[in-house]
Structure formats: C-alpha cells, structure tokens
Amino acid sequence: MEDFDFLVGRWRVRHECLVRSAWQEFHGTCSMRKVLGGQANLDENSWTTASGSYRALTLRLFDSASRAWSIYWLDTRWPTTFGPPVIGGFAGTHGRFFGDDELNGSPIRVRVDWFVDASDRCRWQQAFSFDEGATWETNWRMHFVREASPTK
C-alpha cells in the first residue's frame with residue numbers, strides 16, 4: 001500500500017504532450033494525499049495550455065488480495081466520466097500499469113510507467129498501442145519536482 005507514498009505532497013509539473021506528431025510543453029501543479037487509511041490516494045492536477053486551463057483528479061485504489069493498483073483519471077474536458085483504469089504495480093522504483101480503452105472508436109491498449117528518480121523528482125509517461133501491445137507510442141510525459149516545504 002505504500003507504493004505511491006513518494007507522491008504525497010505538492011509538486012510542480014512539466015508536461016510534454018504529443019499533439020499531431022509534435023511535442024508541446026506546458027506547466028502545471030499536482031497535490032496528492034492518501035485516503036481510506038492508505039488503501040487509496042487522490043491527486044489534484046491543474047495545467048494551462050494555449051487552448052485553456054484544465055483540472056483533473058487521479059484516483060488510485062489498492063487491492064490487497066491481488067497486490068495491484070487500479071488508477072482512474074477524471075478531468076474537466078470530460079467532467080462526468082472516469083476512464084477505464086490502468087492496473088499494475090511497482091518493482092522497486094518503476095511502476096508499470098496497463099489497461100484497455102478506445103480512441104476515436106478504435107480499441108487501444110494503454111501503458112503508464114512511473115519512475116521514482118529521487119525523493120524530490122519523479123516521472124510519469126503514457127503510451128498507446130494500436131496493435132495489442134506489439135508496438136507502443138509515448139504520447140504524454142509528466143516531470144514532477146517537489147515544491148519546497150514552507151519553513152517554520
């Protein structure tokens with residue numbers, strides 16, 4: 001249940017998103033907290049692009065029987081629909097999660113990778129497969145830097 005403890009707190013986030021074969025960079029924030037005694041966690045994200053400002057919520061649920069996390073995403077572009085989860089876990093400082101979804105009416109496989117680089121830095125990336133996992137195209141990367149704690 002402690003796999004995502006590294007993410008508790010406030011972060012500055014640099015996003016890189018693949019849009020029509022070109023990478024676009026934009027910035028945002030993330031704030032994560034544990035809930036349900038650590039069996040779940042929530043993070044709130046905000047970011048601004050040339051087309052507007054957005055907010056999102058990530059819900060991660062831990063299944064102690066399977067020892068796997070299910071990760072759900074909800075954002076202001078589609079505010080009433082949680083997407084299907086990606087499911088998986090960590091081996092050391094690398095987490096890998098898979099799920100099935102659809103894009104423009106076609107089925108896709110989704111892979112999300114988490115990398116814990118240090119106590120104040122981590123990375124996330126998402127990739128889609130249109131051929132059942134034979135090949136992957138990374139389409140979104142997030143680079144997290146922990147915000148400094150206020151001094152007392």
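Residue indices begin from 1 for each chain and proceed along its sequence in written order. Confidence filtering applies because this is a predicted model: local features only for residues at pLDDT of at least 70, side-chain atom pairs given and counted only at 80 or more, and all residues used for totals across whole chains, interfaces and linings. By convention in this description, side-chain values take in all heavy atoms of the structure and omit both hydrogens and water.

Undergrad: Describe in detail the packing of aromatic side chains, supporting the description with residues and values.
TA: Each aromatic ring pair is characterised by the separation of its centres together with the angle its planes make. Between the rings of Phe, Tyr and Trp (Trp by its six-membered ring), a pair exists once the centres lie within 6.5 Å; its type follows the angle of the planes, with under 30 degrees stacked, over 60 edge-to-face, and the other angles tilted. Taken as a whole and judged by the stated rule, the model has 18 aromatic pairs. Ring plane angle 85° and centroid distance 6.0 Å describe the contact between F4 and W114, whose orientation is recorded as edge-to-face. Of the two residues, F4 sits in the segment before β1 (9–19) while W114 sits in strand β8 (residues 106–118), which places them 110 residues apart along the sequence. On the basis of relative accessibility, which here comes to 3%, the residue W114 falls in the buried class. Seen from their ring centres, W114 and F144 are 5.3 Å apart, and the 40° between their planes marks the pair as tilted. Highlighted residues: W114 in strand β8 and F144 in strand β10 (residues 137–146), separated in sequence by 30 residues. Put simply, the rings of F4, F6, W11, F62, W69, F90, F97, W114 and F144 pair up and form one aromatic cluster. A run of H or I in DSSP counts as a helix once it spans at least four residues, and a run of E counts as a strand once it spans at least two, with each numbered from the N terminus. Only protein chains enter the accessibility calculation, which uses a 1.4 Å probe; a residue is then buried when its area is under 20% of its type maximum, exposed when over 50%, and partly exposed in between.

Undergrad: Go over the state of the cysteines, please, and point to the residues and values.
TA: By disulfide we mean two sulfur atoms from cysteines, separated by a distance within 2.5 Å. Evaluated as defined, the whole model comprises zero disulfides. Not engaged in a disulfide, the cysteine C17 finds its nearest cysteine sulfur in C30; these two sulfurs lie 16 Å apart. We classify C17 as buried; its relative accessible area is 16%. No disulfide involves C122; its sulfur sits 8.2 Å from the nearest other cysteine sulfur, which is in C30. Residue C122 is classed as buried on the basis of its relative accessible area, which comes to 2%.

Undergrad: Residues and numbers for the nonpolar core, please.
TA: Buried residues of nine kinds, namely Ala, Val, Leu, Ile, Met, Phe, Trp, Tyr and Cys, make up a nonpolar core once their side-chain atoms join them within 4.5 Å. Within the largest apolar cluster, 28 residues are counted, with the highest numbers of intra-cluster contacts made by F4, L7, F97, W114 and F144. Elements supplying a minimum of two residues to this core: β1, β2 (22–35), β4 (52–63), β5 (68–75), β6 (86–91), β8, β9 (121–129) and β10. The criterion used for residue contact is that any of the two residues' heavy atoms lie within 4.5 Å. Ignoring any residue separated from it by four or fewer positions in sequence, one finds L7 in contact with M32, D43, R60, W114, C122 and F144.

Undergrad: Got a sec to walk through the pairing of strand β7 (residues 94–103)? Specific residues and values, please.
TA: As judged from the five bridges shared by β6 and β7, these two strands associate in the antiparallel manner. Bridge pairing links G89 to R96 in β7. Two strands pair if DSSP finds at least two bridges between them. Two successive antiparallel strands, β6 and β7, enclose a turn made up of two residues, where G92 displays a positive phi of approximately 70°. Direction of pairing for β7 relative to β8: antiparallel, over a ladder of 10 bridges. Paired with H94 across the strands is F115, a residue of β8.

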